[in-house]
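Architecture at a glance
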Amino acid sequence: MGQYKKLWLSLIGILVITFSILGYLGVEVYRQAPPVPQSYVNSSGQTVLSREDIYAGQSAWQATGGMELGSVFGHGAYQAPDWTADWLHRELSAWLDIAANKQYNKKFAELGHTEQAALQAAMNDEYRRNSQEKDGKVTLSDTRIAAIQAVAPYYIKLYGDDPSMVETRKAFAMKDGTLATEADRKKLTNFFFWTAWAASTNRPGSEATYTNNWPHEPLIHNVPTTENIMWSVASVIFLLAGVGLLVWGYSFLRKHDPDPQIPAEDPVSKVVLTTSQKALGKYVFLTVALFVAQVLLGGVTAHYTVEGQDFYGLPLSQWFPYALMRTWHIQSAIFWIATGFLTAGLFLAPIINGGKDPKFQAAGVNFLYIALFIVVLGSYGGNFLTLSHVIEPGSTAFWFGHQGYEYLDLGRFWQLLLMVGLLLWLFLMLRCTTTAFKDKNSDKNLLAIFVASMVGVGVFYAPGLFYGQHSSVAVMEYWRWWVVHLWVEGFFEVFATAALAFIFFSLGLVSRRSATITSLVSASLFMLGGVPGTFHHLYFTGTTTPIMAIGASFSALEVVPLILLGHEAHEHWSYQHASPWMKRLRWPLMCFVAVAFWNMIGAGVFGFMINPPISLFYIQGLNTTAVHAHTALFGVYGFLALGFVLLVARYLKPDYQFDDKIMTWGFWCLNGGLALMVLSSLLPQGVLQAYASITHGLWYARSEAFLQQDHMIALRWMRTLADFIFIGGACCIAWQATKLVFSKSSRS
């Protein structure tokens, strides 16, 4: 550790403490997850609904694309309703009408204020009261059973091909016959009912529901809890305190090393390419090819929100429905961004190993490429076959088709293969990097943090395998966000920081000491807020107040390091002017500048916009979430991946000259298209939905009546221009990278 001992101890201490919190409260998630009752019974004790019925409904929901068609507990797609909020409101409305007819022989809307208030009080008492017995049975009143029976046919017709629901299916971007059989459609309603039951039933010993009173539903007084408000205020205080402490520490503790002497020639260009490095051209091509595929799929997905079942008049939805296009769009993002990161690692590994390949390294690189190709095509095929009803709902669909969970949509079999591929990548990296530790004459601290970060990238996809087909939604969400939040947003970020530090050190742009300190401090700051901050995704999925408290407090700290990104952006931008030979690396560096900007805006500003519990209570599952998702996922990790592959490609073919005009168009179209997408469409939609959610409830903000208003349709149409600009930028960048890879010039 040497001169970096305090930094290492701080990082190790932070990791031990934060992962202990994550693990300890993970046990709480398991213990406090909303139960799936043994059965729901009527007043005579006869079974109305069994646990097996609910699990069968969960399988049916997964086979429709799950979170890729509407959402459950606020997580998922934004065009169709949140099925939890939608079912709950419909059931409550039906209960009131049935009760009003029984008592007054009138509809609820025809009653006077006093009578309405009395019925609502009775309904609130019935729904909020937890009647689950020790034997796992829940007794439902005859009125509630009648309400359930009144609501279910709507969903059975909606998910089928009933002609009366055609316009509604178009509004929700659903294909006709979303579920092939009426039996499966009936099963689906059981799962939707259970999610609404969890969202309306008080947790034992609490005045709040299993979902902390989410969704906002005035009919049964589902409003923010006191704890929600308190921890929201606390999160703002922690953010301000964190920013102040960071600025104080940066000003007083930062030591500016003298600028190193910039080499007259590019040091990395003098390293003879190994066989495994030369094999990375196809990785560059796969990355940009998947990138273009992803943005094209995104364009189709976005257009479905306007026409519903058609793409500019072409009836695509029966074979390629919205749920499938969105699945492929999101999975492609994960695939191409991960491939870009893996490419950077495989290029750096032989350099760390003294410019040499271990035995069979090239064979391993080629085999990994084939494995990635198989996973991509196999998972896409499984998604298609499931949503086309070739694979029926059940275990086969979960394992080989569609899991139904956003970002982890691929079947479990393909997920296992991807994990094997990541472990193979880690093995290829370790066999190069571990030999460098044997050199006793050099400082190993920078190498150590780089190796630690690549272990995180190689291993932390595994938690996505820790839930099963019928795991509780709360348990599934816990492990899913280990992948989406910790793996992508945590360890990818640390790996990128360490890799960039190593690259800039190798280029002679920064000293080893500066690179090492930057990597260690950044890792500590990212992990301090990032690891426990995972819980901010779980506020309303069936968890308790401690989860909310930790999630709100630490996720606020995630924003703190982003305050200094303006300095980082300027630093990366200035590197291109450090020496004449650095101009060849202008476009990778510009991508890294974009990363700093979008990290501040997308992860910082738009991330904190949806972070406090009080905010997320009203806007979870609205287009405000899409604002953060697009600007953070592409703006940060997408630009990082592009920067990495452009950098690798530059060294594979150093004689090739980028067309600066095309690259300029590509770079600014990507940034301009993303900004226009957010400012002209996603953010205005999200703000209007937020107002509707706060005023009427989440059900209304996601309803057909609200989303099909003329001004909401116009806002979705306005995204078309932004999409075309963005797609044009992607094609420019991909075209240049492809021309470079397949050009004849190379360095030996």
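Report on the accompanying structure. Fair warning: this is a prediction, and the values are worked out from it, not measured in the lab.

1. Let's talk about the overall build of the protein
For the protein, the helix and strand inventory stands at 26 helices and five strands. Its C-alpha radius of gyration of 27 Å places the protein within 12% of the 27 Å reference for a compact globule of 748 residues. Expressed as lengths along the three principal axes of its C-alpha atoms, the size of the protein is roughly 90 × 55 × 45 Å. Taking all 748 residues of the protein together, 62% fall into the buried category. Considering only intrachain contacts with a sequence separation of at least 6, the fraction spanning at least 24 residues in the protein is 78%. Each charge class in the protein was averaged separately, 49 positive and 48 negative side chains, and the resulting centres sit 11 Å apart.

2. Overview of the pattern of salt bridges
In total, this model carries twelve salt bridges according to the counting rule given. In this structure, Lys-187 and Asp-184 form a salt bridge, with 3.7 Å as the shortest nitrogen-oxygen distance. Taken together, the residues Lys-187 and Asp-184, both in helix H7 (residues 182–200) and three residues apart, mark about one turn of the helix. Of the residues examined, Asp-184 reaches a relative accessible area of 13% and is grouped as buried. The network of salt bridges with shared partners includes Glu-68, Arg-326 and Glu-406.

3. Some words on the packing of aromatic side chains
Scanning the entire structure with this criterion turns up 61 aromatic pairs. Here the aromatic rings of Phe-291 and Phe-634 are separated by 5.7 Å at their centres, their planes lie at 5°, and the arrangement is stacked. One end of the pair, Phe-291, is in helix H10 (residues 281–307); the other, Phe-634, is in helix H22 (residues 623–652), with 343 residues separating them in the sequence. On the basis of relative accessible area, Phe-634 is assigned to the buried category, the value being 9%.

4. Remarks on the nonpolar core
Residues Trp-83, Phe-341, Trp-425, Trp-487, Leu-507 and Phe-639 are the most contacted members of the largest nonpolar core, which totals 242 residues. Ranked by residues supplied to this core, first place goes to helix H16 (residues 473–506) with 25 residues. Setting aside residues up to four positions removed in sequence, Leu-507 forms contacts with Pro-263, Asp-266, Pro-267, Val-268, Trp-581, Met-582, Leu-585 and Tyr-651.

5. A short note on the pairing of strand S2 (residues 47–50)
Taken together, the three bridges between strand S1 (residues 39–41) and S2 define a ladder with antiparallel strand orientation. When the bridges of S2 are listed, Val-41 appears paired with Thr-47. In this structure, the hairpin formed by S1 and S2 is closed by a connection of five residues, where Gly-45 is found at a positive phi of approximately 90°.

6. Observations concerning helix H18 (residues 545–559)
Within an α-helix, residues lying three or four positions from one another point in the same direction, as the helix has 3.6 residues per turn. For H18, spanning 15 residues, the distance from its first C-alpha to its last is 22 Å, which sits close to the expected 21 Å at 1.5 Å a residue. Among the residues of H18, those classed as buried are Ile-547, Met-548, Ala-549, Gly-551, Ala-552, Ser-553, Phe-554, Ser-555, Ala-556 and Val-559. Against helix H1 (5–32), helix H8 (226–253), helix H17 (512–530), helix H20 (586–609) and helix H21 (613–619) lie the buried residues of H18.

7. Points about the packing of H22 against helix H26 (residues 710–742)
The geometry of H22 relative to H26 is characterised by a closest axis approach of 10 Å and an angle of 20° between their N-to-C directions. Taken together, H22 and H26 sit at an angle that is classed as roughly parallel. Note on packing geometry: the crossing formed by H22 with H26 is left-handed. Contacts between H22 and H26 involve His-630, Phe-634, Leu-642, Leu-646, Ala-649 and Arg-650 on the former and, on the latter, Arg-719, Phe-726, Ile-733, Ala-737 and Leu-740. Classifying every residue of the contact of H22 with H26 by side-chain character gives eight nonpolar, one polar and two charged.

8. Observations regarding a nonpolar patch on the surface
Among the surface-exposed residues, Ile-370, Ile-374, Trp-399, Phe-400, Phe-413, Leu-416 and Leu-417 lie close enough to one another that they form a single nonpolar patch of about 590 Å² accessible area. The set of elements that each furnish at least two residues to the nonpolar patch consists of helix H12 (361–387), helix H13 (395–401) and helix H14 (412–436). Of all the elements, H14 adds the most residues to the nonpolar patch, at three residues. Tracing the backbone through its elements, the reader meets Ile-370 in helix H12.

9. Comments concerning the sheet that holds S1
Taken in spatial order, the three strands of this open sheet run S2-S1-S5, and their pairing is mixed. Among the strands making up the open sheet, the edge pair consists of S2 and strand S5 (137–139). Going across the sheet, the axis of each strand differs from the next one's by a mean of 25°, ignoring polarity. Against the sheet, helix H2 (residues 51–63) contacts S1 and S2, and its axis sits at roughly 45° relative to S2. The sheet contacts of H7 involve S1, S2 and S5, and relative to S1 the element is tilted by about 85°.

10. Examining the environment of Asp-82
Here Asp-82 shows up in the loop between strand S4 (75–76) and helix H3 (83–104). Using a relative accessible area of 1% as the deciding quantity, one classes Asp-82 as buried. Measuring from C-alpha to C-alpha, the distance between Asp-82 and Tyr-700 comes to 9.9 Å, with 618 residues separating the pair along the chain. Sequence-distant contacts of Asp-82, that is, excluding residues within four places in its chain, are made with Ser-71, Val-72, Phe-73, Gly-74, His-75, Trp-214, Leu-698 and Arg-702. There is a polar contact of 2.8 Å between the side chain of Asp-82 and the backbone nitrogen of Gly-74.

Rules and cut-offs
- Residues numbered from 1 in each chain as written.
- Predicted model: local features only at pLDDT ≥ 70, side-chain atom pairs only at ≥ 80, totals over all residues.
- Heavy atoms only, no water.
- Helix = DSSP H or I, 4+ residues; strand = E, 2+ residues; numbered from the N terminus.
- Rg over C-alpha atoms; globule rule 2.2 N^0.38 Å.
- Buried < 20%, exposed > 50% of the residue type's maximum accessible area, 1.4 Å probe, protein only.
- Contact = heavy atoms within 4.5 Å.
- Lys, Arg positive; Asp, Glu negative; His and termini not counted.
- Charge placed at Lys NZ, Arg CZ, Asp CG, Glu CD.
- Salt bridge = Lys/Arg side-chain N within 4 Å of Asp/Glu carboxyl O.
- Phe/Tyr/Trp six-rings, centres within 6.5 Å; stacked < 30°, edge-to-face > 60°.
- Core = buried A, V, L, I, M, F, W, Y, C linked by side-chain atoms within 4.5 Å.
- Pairing = 2+ DSSP bridges.
- Expected span 1.5 Å × (residues − 1).
- Axes fitted to C-alpha atoms, helices over the stretch in contact; angles between N-to-C directions.
- Parallel < 35°, antiparallel > 145°, perpendicular 65-115°, else oblique.
- Left-handed = near helix turned anticlockwise from the far one by under 90°.
- Nonpolar A, V, L, I, M, F, W, Y, C, P; charged D, E, K, R; others polar.
- Patch = residues over 30% accessible without salt bridge, like charges linked within 9 Å, V, L, I, M, F, W, Y side chains within 5 Å.
- Areas by Shrake-Rupley, 256 points an atom, 1.4 Å probe, with all protein chains shown as cover.
- Polar contact = N/O pair within 3.5 Å; in protein donor to acceptor, adjacent residues only side chain to side chain.

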